[in-house]
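Here is what each chain is made of, one letter per residue.
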Amino acid sequence: MPDTRNAIDVRNAVKRYGSFTALQSITLSIRDNEFFTLLGPSGCGKTTLLRMIAGFEDVTEGEIFLFGEEIENLPPHQRPVNTVFQNYALFPHMTIEENVMFGLEMRGSSRDAARKKACEMLELVQLTPFSARKPSQLSGGQQQRVALARALAPQPKVLLLDEPLSALDLKLRQAMRSELKSIQRETGITFTFVTHDQEEALTMSDRIAVMSAGRLQQLGEARDIYERPVNRFVADFIGETNLLDARLEAVDASVATCRLGNGLTLECDAIGNARPGADVHISIRPERMTLAAANGDPWRGTVKENIFVGTDVQTVVQLQGGIALTVRTQNSAAGVATILDPGTEVAITVEAGAARMLED
Amino acid sequence: MSSRGDVRTYSGSRAITMLCLFVLYAPLIIVTIYSFNASRSITVWEGLSLQWYADVFWGPESGKFKQAAINSFTIALIAATMSTAIATSAATAIVRGGRFRLRMASLGLISLPLMVPEIVTAVATLIFFNSIGFTRGYLTILAAHIAFCIPFAYLPIQARMQGIEDTFEQAAQDLYATKAQAFRRVLLPMMMPGIIAGFLLAFIVSLDDFIITNFVKGAGVETLPTAIFGSVKQGIKPNIMAISTMLLVVSIAMVTISYIVGKKDNST
């Protein structure tokens, strides 16, 4: 039996279109009251999974439970979940207020009760003065908030959001992130958010499911996924990283010693059941390394270029054996002092615990 | 400012435009002007008068024209309504029906009558009514009009519907509307400009039809076009110009309504 305390339980869900498999046996649980994000590149199946929960896509195999109740065979209008669509899908022939009232009226609320609730929701998204307007008279950000109010008004058990911020410009997107997060806290409704933007996922989510090629790659809290990716896809997709090929030299208790192609060695946490001699991969985040003037240390190379990106400077360092590392230095007085001109020899220090061994 | 590719920079473009407009509108303007002529002649101007309009309503032929007008307008109204309803269902099925096997064939079958010479449709319809032994009269005209108006009603509705993403119906269903409610509350109002345009087009096409009507009307039942044709055969009198001008006004009104409906929809 599924856990009735979970908002959503997806069990071995498979989606096939003819011979193409869009989702390969996904199993995951979304807890009550959490901000859950499905993150992945386009075509990874995240939107398909969301649409299966909403009821717009049939489930080829497997089950979906909503608070313990099996829902995968219910039509969309019988599922107590609401969706914020990517293009908002506001009804153009209705006013903002009528849009927000729609779900309430369809659920059987009286017109007065629906109007009262719609007022509350428009207040929540700060659009009360616009209630008599038509959607086309609103800006993109305002339409987005109407879509949110409309989906929240019937008090769904789970709110599904399909890349709702992707059509907004950067500043507005950043403002909407914190607004979404605070509305989620205020209403206590479980949010399931789909995005391809890893920064969006990291800043808003309680937990993130990283998907790729129709498979669930990793599920965990934002920091967990960033610091301890389980494979190269996750390490590379979330944030920036240096991925290096290595050979596992020795495993001593929980410490693994890996040797890079150029002979340098690194210590990292041992994971999985890789035996010494196995080919592994190492991920090192650019901000977990520091630069210093060359001092005879074997971890040294030549500065190839410095790229100024505002908050920090990215330095590409060419090591022996054709390995290039990107190091991020914060754009502070102390940080900038360590930046050397291209062509200069430089020493690199990898912070303890910064190297992450990956088997896959 | 006109750029290099502007059609106005081509030599003679102004003259050609003027010629085309002249050929298109000069006859209409002349008919309209001469409908106000005080003379019995259709070519000699003798002063302003409304006598031919009075003649249409109260003159010797007024009974015939009145009956023809009633027939024409009731047939146009019923035929446009029925064909629009059928066309709306067809557009919903074809645009929203997914990829069913005969989708392209259905689309072709609906639009084909637009390309079939009207005389062929007229003869075929006549043979059909004869072979089933249906007495020709008002009902045969109506049935024929419903049928040939469908493609005219269909095209604007389909065009409108293709511009409506299916996420609107999904949003409605997501907000607890059944499929029927989603159709009635969301899809239908969004299709309305197309439906109105389709209705008006069907109405005008029905009002204006001569060939098919003439074949299937039977004896004694006339519509305005056949009544006018009958009159003209006995010599052109200015009262025909008055009727034509009134029909022209109706057409212009319809086109204007259709334009306003389309315009209003774009601005909101």
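Residue positions within a chain follow its written sequence, with the count starting from 1. Throughout, the order in which chains and ligands are written sets their labels, letters from A for the former and numbers from 1 for the latter. Local features in this predicted model are restricted to residues whose pLDDT is 70 or higher, and side-chain atom pairs enter the listing and the counts only when it is 80 or higher, whereas totals over whole chains, interfaces and linings include all residues. The side-chain quantities take in all heavy atoms of the structure and omit both hydrogens and water.

## Focus on the packing of aromatic side chains
Then, number 1: Working definition: rings of Phe, Tyr and Trp (its six-membered ring) pair if their centres are within 6.5 Å, and the pair is stacked with planes under 30 degrees apart, edge-to-face with planes over 60 apart, and tilted otherwise. For the structure on display, the rule yields 13 aromatic pairs over all chains.
Then, number 2: Summarising the aromatic geometry, the rings of F35 of chain A and F191 of chain A are spaced 5.5 Å apart at their centres and angled 45° between planes, so their arrangement reads as tilted. Of the two residues, F35 of chain A is situated in strand β3 (residues 35-39) and F191 of chain A in strand β8 (residues 190-195); the sequence distance between them amounts to 156 residues.
Then, number 3: Measuring from centroid to centroid gives 5.8 Å for F129 of chain B and F134 of chain B, while their planes differ by 45°, and the two rings are tilted.
Then, number 4: Exposure categories follow from relative accessible area, calculated using a 1.4 Å probe and restricted to protein chains: below 20% of the type maximum is buried, above 50% is exposed, and the middle band is partly exposed. Residue classification places F129 of chain B among the buried residues on the basis of a relative accessible area of 5%.
Then, number 5: Chaining the aromatic ring pairs together yields one cluster made of F35, F191 and F193 of chain A.
Then, number 6: Two thresholds decide whether a charge sits over a ring: the Lys NZ or Arg CZ must be within 6 Å of the ring centre and within 35 degrees of the ring normal. A cation sits over an aromatic face here: R107 of chain A above Y176 of chain B, 4.3 Å from the ring centre. We count a stretch as a helix when DSSP gives it H or I for four or more residues in a row; a strand needs E for two or more, and each element gets its number in order from the N terminus.

## Section: the nonpolar core
Then, number 1: In this description, a nonpolar core means a group of buried Ala, Val, Leu, Ile, Met, Phe, Trp, Tyr and Cys residues linked to one another through side-chain atoms lying within 4.5 Å. By size, the foremost hydrophobic cluster in this structure holds 77 residues, and its most contacted members are I8, L28, L38, L49, F91 and F102 of chain A together with V186 of chain B.
Then, number 2: With eleven residues, helix α8 (residues 179-208) of chain B is the single largest residue contributor to this core.
Then, number 3: Throughout, a contact is declared for two residues whenever any of their heavy atoms are within 4.5 Å. Residues in contact with L38 of chain A, not counting those within four places in the same chain, are L28, K46, L49, T192, F193, V194, T195, A209 and M211 of chain A.

## Focus on the interface of chain B and chain A
Then, number 1: Between chain B and chain A, the contact holds 18 residues from the first and 28 residues from the second.
Then, number 2: Two parts placed together each lose some accessible area under a 1.4 Å probe, and adding up what both lose gives the buried area. Where chain B abuts chain A, roughly 2100 Å² becomes buried across the two surfaces, and 62% of that area is made up of carbon and sulfur atoms.
Then, number 3: Here, a salt bridge means any Lys or Arg side-chain nitrogen found within 4 Å of an Asp or Glu carboxyl oxygen. At the boundary of chain B with chain A, the tally comes to zero salt bridges.
Then, number 4: Of all elements in the fold, only α7 (167-174) and α8 of chain B reach the threshold of two or more residues within the side of chain B that touches chain A.
Then, number 5: Per-element tally for the side of chain B that touches chain A: the top contributor is α7 of chain B, with seven residues.
Then, number 6: Throughout this entry, Asp, Glu, Lys and Arg are counted as charged residues, while Ala, Val, Leu, Ile, Met, Phe, Trp, Tyr, Cys and Pro are counted as nonpolar. The remaining residues, Gly among them, count as polar. When its residues are assigned to classes, the side of chain B that touches chain A shows nine nonpolar, six polar and three charged.

## Remarks on the sheet that holds strand β5 (residues 69-70) of chain A
Residue and element names in this part refer to chain A.
Then, number 1: Taking strand neighbours across the sheet as the criterion, the four strands line up as β2-β1-β4-β5 in an open arrangement whose pairing is antiparallel. Because the sheet does not close on itself, it has two edges, and the strands there are β2 (20-31) and β5.
Then, number 2: Here, any two strands with at least 2 DSSP bridges between them count as paired. As paired elements, strand β1 (residues 6-17) and strand β4 (residues 61-66) share five bridges and run antiparallel to each other. By the bridge assignment for β4, V14 is matched with E61.

## Details of the domain arrangement of chain A
Residue and element names in this part refer to chain A.
Then, number 1: Domain annotation of chain A identifies domain 1 (6-232) and domain 2 (240-358).
Then, number 2: On a C-alpha basis, the centroid separation for the pair domain 1 and domain 2 is 39 Å.
Then, number 3: At the junction of the two partners, domain 1 supplies eight residues and domain 2 supplies seven residues.
Then, number 4: The contact between domain 1 and domain 2 buries some 750 Å² in all, and 49% of this surface belongs to carbon and sulfur atoms.
Then, number 5: On inspection of domain 1 and its partner domain 2, the count reaches one salt bridge.
Then, number 6: In this structure, the salt-bridge partner of E227 is R288, at a minimum N-O distance of 3.3 Å. Boundary definitions for the domains trace back to an automatic or database domain assignment.

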